[in-house]
Amino acid sequence: MHPAFSVIFLTTLIGAGQGLFLALYTGQVYAFFHLLSAQADRGFYAGGSLIALSLLVGGLIASFFHLGHPERAWRSAAKWRTSWLSREVIVLPAFMGMVLLYGAAHWLDWNPPLLTIGTLTLNATMVFGVLGTVLCFILFICTAMIYACLKFLREWHSPLTVANYLLLGCASGFTLATAYSAYTAPDLMGFYGKWAIIITLLAMASRIASLLRNSKLKPKSTLQTAIGVRHNKIVQIAQGFMGGSFNTREFFHGKGVALLRSVKWIFLLMVFVLPLLLLAGGLSTSAAVLLSTAFLVQYAGLLFERWFFFAQANHPQNLYYQAIA
Amino acid sequence: MTQLALVIDLNVCVGCHACVTSCKEWNTSGPAGSMSDDRPYGADPTGTFFNRVQTYEIGSFPNTETLHFPKSCLHCEDPPCVPVCPTGASYKRKEDGIVLVDYDKCIACKYCSWACPYGAREIDEHQKVMKKCTLCVDRIYDQNLPEAERKPACVLACPTSARLFGDVHDPESVVSAAIRENGGYQLMPEWATRPANHYLPRRKTRIRIHADELSRADNPLKKERQLPQPGKSEPSLDDVTSW
């Protein structure tokens with residue numbers, strides 16, 4: 001497939017935004033159960049929610065560049081019964097609204113206790129957070145299923161695609177939360193940093209598992225099934241036109257095997273190895289610069305990862321477009 | 001249930017591209033707007049087409065065979081491009097099974113083209129909507145046309161009648177009979193999309209002759225054949241008879 005930068009930025013930006021929201025809320029849940037000192041500073045959650053929201057808005061803006069008719073984008077909420085893309089279109093604004101509500105409730109201190117069980121007090125922001133978390137997970141599933149549901153794009157048609165989107169988004173979000181807390185709430189830096197390392201390791205395992213799976217895939221469609229002729233040697237002589245067409249532009253990345261392979265190593269290094277080293281270094285020295293570098297490197301690496309994700313998918317329609325003459 | 005479809009006879013197709021040009025001519029002049037081209041006379045021409053004719057070479061020299069392969073939307077009975085459309089612009093008509101795109105609803109997200117394993121959809125780069133074969137839906141029901149012309153433009157244009165059009169759900173139709181009797185098949189059956197369009201394979205006409213059949217034991221020609229001419233030195237009839 002031809003990787004579109006609009007979709008690369010959409011999926012990586014909202015992934016980081018979702019992960020950051022989950023990180024913020026995880027901290028609050030730990031504080032709720034008295035496992036972590038509660039954040040008295042209302043600006044911490046509000047500021048974090050604002051960053052998460054800006055990432056989500058950035059992703060949404062990027063997505064419009066993918067559309068030929070962005071002014072009709074509202075129509076895409078229509079077919080949520082069958083289309084994962086439609087579901088994503090509904091869940092993304094709902095999640096953004098909930099992040100806004102969550103951040104605003106913290107900032108305005110609109111946090112009335114709703115329920116008290118023993119020493120645990122359930123506040124309004126806790127409820128907003130639960131709703132936000134549910135929407136966040138649904139959004140991860142919707143985004144990933146857009147790709148995973150296409151059964152003949154076999155590189156994508158796997159539960160590992162959903163695991164990767166979830167874990168890679170969370171990894172970048174928790175790394176961002178670590179860098180954010182290093183500047184605003186240094187007490188929480190260790191908590192977020194450890195989670196960032198754990199999730200990055202999990203994401204690495206899942207991404208490597210999908211790389212191994214994809215390297216062993218054998219194509220189900222062949223030129224024989226594509227044109228229905230049983231012969232071992234079939235060569236395309238002409239594809240019906242001399243110049244390019246949508247079919248040759250949209251479904252081929254047009255880069256060499258060597259470039260594809262080097263992008264794979266670049267993203268493995270930038271998404272997993274370097275951020276893990278930077279996180280470990282930043283946590284041991286409490287250097288905020290190292291932690292913010294960890295996020296920037298990981299996010300840049302995710303752009304490579306997403307590019308590779310699209311480029312690696314081999315569409316069966318390419319069988320019909322092998323030769324120009 | 002009606003399922004209109006094309007049946008393309010690869011045994012007859014000569015790869016003349018008449019279906020391609022007549023398709024473009026009819027559909028670019030239609031009420032849905034033109035099918036845009038870029039640099040049509042330039043070095044790198046490109047444009048929107050509903051139908052393409054490709055060519056394949058089967059086997060290695062000298063045992064090769066050329067196959068011309070017209071390719072358009074197959075109007076699948078289980079179209080993977082329809083459920084993925086977020087706006088409902090891509091839909092399959094209940095009444096005749098044609099898969100269509102509503103150009104007024106399409107947002108050109110290209111997701112349907114990703115979901116089609118055949119690459120049957122092409123985006124119009126200027127109108128910014130996804131386009132594909134409509135089976136000439138604006139023609140086949142047109143009461144102003146004589147009944148014989150209520151067929152897709154490609155079918156009418158084909159000089160060798162390699163393209164048949166009809167209802168594949170009606171067992172008595174020309175297309176159903178052609179599929180049944182001439183080994184009609186579907187493309188990429190492994191994805192269970194159940195394409196309505198079928199292709200008829202290349203068919204060889206061969207007679208089997210055994211060596212002993214080459215000369216007949218009771219060949220009457222042997223008895224009635226002309227006798228060999230006698231040589232010049234042989235005695236003539238005058239020499240051996242006394243009249």
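Preceding block: the structure.
This text gives an overview of the structure that appears in the document.

## Observations regarding the overall build of chain A
On a plain count of helices and strands, chain A comes out with 10 helices and three strands. Helices (α) and strands (β) of chain A occur, in sequence order from the N terminus, as α-α-α-β-β-α-α-α-α-β-α-α-α. For chain A, the spread of C-alpha atoms along the principal axes amounts to about 75 × 45 × 30 Å. Taking all 325 residues of chain A together, 54% fall into the buried category. For chain A, long-range pairs separated by at least 24 residues make up 79% of all intrachain contacts whose partners lie at least 6 apart in sequence. As presented, chain A carries roughly 13900 Å² of accessible surface, and 72% of it is formed by carbon and sulfur atoms. Separation between the mean location of the 21 positive side-chain charges and that of the 8 negative ones in chain A comes to 19 Å.

## Details of the sheet that holds strand S1 (residues 4–9) of chain B
All names here are of chain B. Across the sheet, which stays open at both edges, the three strands sit in the order S10-S1-S11 with mixed pairing between neighbours. Both outer strands of the open sheet, strand S10 (163–167) and strand S11 (198–200), are each paired with one neighbouring strand and no more. Neighbour-to-neighbour, the strand axes of this sheet turn through a mean angle of 25°, independent of strand direction. Bridging between S1 and S11 involves three bridges; their strand directions are parallel. Bridged to Ile-8 within S11 is Tyr-199.

## With respect to the sheet that holds strand S4 (residues 51–58) of chain B
Taking strand neighbours across the sheet as the criterion, the three strands line up as S3(A)-S4(B)-S5(B) in an open arrangement whose pairing is antiparallel. Each edge of the open sheet carries a strand with a single partner, namely strand S3 (234–238) of chain A together with strand S5 (65–72) of chain B. Averaged over neighbouring strand pairs, the angle between their axes works out to 35° when direction is ignored. Pairing analysis gives eight bridges linking S4 of chain B to S5 of chain B, with the strands arranged antiparallel. Paired with Arg-52 of chain B across the strands is Lys-71 of chain B, a residue of S5 of chain B.

## Some details on the side chain of Arg-72 of chain A
Take Arg-72 of chain A: it is sitting in the loop between helix H2 (42–64) and helix H3 (84–107). For the buried Arg-72 of chain A, no salt bridge is present, and the opposite-charge side chain at shortest range is Glu-71 of chain A, 4.1 Å distant. Excluding residues that lie within four positions of it along the chain, Arg-72 of chain A makes contacts with Tyr-103, Asp-104, Lys-105, Cys-106, Ile-107 and Val-129 of chain B.

## Side note on helix H10 (residues 288–312) of chain A
Every α-helix winds through 3.6 residues per turn, so residues three or four apart in the chain are directed the same way. Along its 25 residues, H10 of chain A runs 36 Å from first to last C-alpha, staying within 8% of the 36 Å computed at 1.5 Å per residue. The element H10 of chain A is extensively covered by neighbouring structure, given that 18 of its 25 residues are classed as buried.

## Observations concerning a nonpolar patch on the surface
Among the surface-exposed residues, Leu-269, Val-273, Leu-274 and Leu-277 of chain A lie close enough to one another that they form a single nonpolar patch of about 330 Å² accessible area. Within the secondary structure layout, Leu-277 of chain A lies in helix H9 (residues 257–285).

## Quick look at the interface of chain B and chain A
With 54 residues of chain B in contact, the opposing surface of chain A contributes 60 residues. When chain B packs against chain A, the two sides together hide about 4600 Å² of surface, and 60% of this comes from carbon and sulfur. Ranking the residues of chain B by area buried against chain A places Tyr-56, Trp-114 and Trp-191 of chain B at the top, with a combined share of 19%. For the pair chain B and chain A, the number of links is two salt bridges. The closest approach of N and O atoms between Arg-249 of chain A and Glu-125 of chain B, which form a salt bridge, is 3.3 Å. Joining chain B to chain A, the criterion identifies 36 residue pairs in polar contact (both at pLDDT 80 or more). Contributions of two or more residues to the side of chain B that touches chain A are made by S4, S5, helix H2 (111–114), strand S8 (122–124) and strand S9 (129–131) of chain B. Among the elements that take part in the side of chain B that touches chain A, S4 of chain B stands out by supplying seven residues, more than any other. Residues of the side of chain B that touches chain A, tallied by class, amount to 31 nonpolar, 11 polar and 12 charged.

Thresholds, definitions, all that
Position labels on residues start from 1 in each chain and follow its written sequence. Lettering for chains starts from A, numbering for ligands starts from 1, and both go in the order in which the items are written. A pLDDT threshold of at least 70 governs which residues receive local features in this predicted model, and a stricter bar of 80 or more applies before side-chain atom pairs are shown or counted, although totals over entire chains, interfaces and linings include all residues. The side-chain figures draw on all heavy atoms in the structure; neither hydrogens nor water molecules are used. Secondary structure is summarised from DSSP: a helix means a run of H or I of at least four residues, a strand means a run of E of at least two, and numbering begins at the N terminus for each. Each residue is assigned to one of three classes by its accessible area relative to the maximum for its type, calculated with a 1.4 Å probe on protein chains only: buried under 20%, partly exposed between the two thresholds, exposed over 50%. In what follows, a contact means two residues having at least one pair of non-hydrogen atoms within 4.5 Å. Using the Shrake-Rupley algorithm and a 1.4 Å probe, accessible areas are obtained, with residue cover drawn only from the displayed protein chains. In this tally, Lys and Arg are treated as positive and Asp and Glu as negative; His is ignored, and so are the chain termini. The location of each charge is read from NZ of Lys, CZ of Arg, CG of Asp or CD of Glu. In this description, strands pair whenever DSSP reports at least two bridges between them. Axes here mean lines fitted to C-alpha atoms, for a helix over just the part in contact, with angles spanning 0 to 180 degrees between N-to-C directions. One speaks of a salt bridge when a side-chain nitrogen belonging to Lys or Arg is within 4 Å of a carboxyl oxygen belonging to Asp or Glu. A helix's residues, less one, multiplied by 1.5 Å, set its expected span. To count toward a patch, a residue needs a relative accessible area above 30% and no salt bridge. Like charges then connect within 9 Å, nonpolar side chains (Val, Leu, Ile, Met, Phe, Trp, Tyr) within 5 Å. Buried area counts how much accessible surface, traced with a 1.4 Å probe, disappears from two parts once they are put together, with both parts' losses summed. Polar contacts, as counted here, are pairs of nitrogen or oxygen atoms within 3.5 Å of one another; within protein the pair requires one atom able to donate a hydrogen and one able to accept it, and residues that are adjacent in sequence qualify only if both atoms are side-chain atoms. Note that Gly is not counted as nonpolar here; it falls among the polar residues with everything else outside the nonpolar set of Ala, Val, Leu, Ile, Met, Phe, Trp, Tyr, Cys and Pro and the charged set of Asp, Glu, Lys and Arg.

Don't take any of this as a statement about function, it's just geometry.
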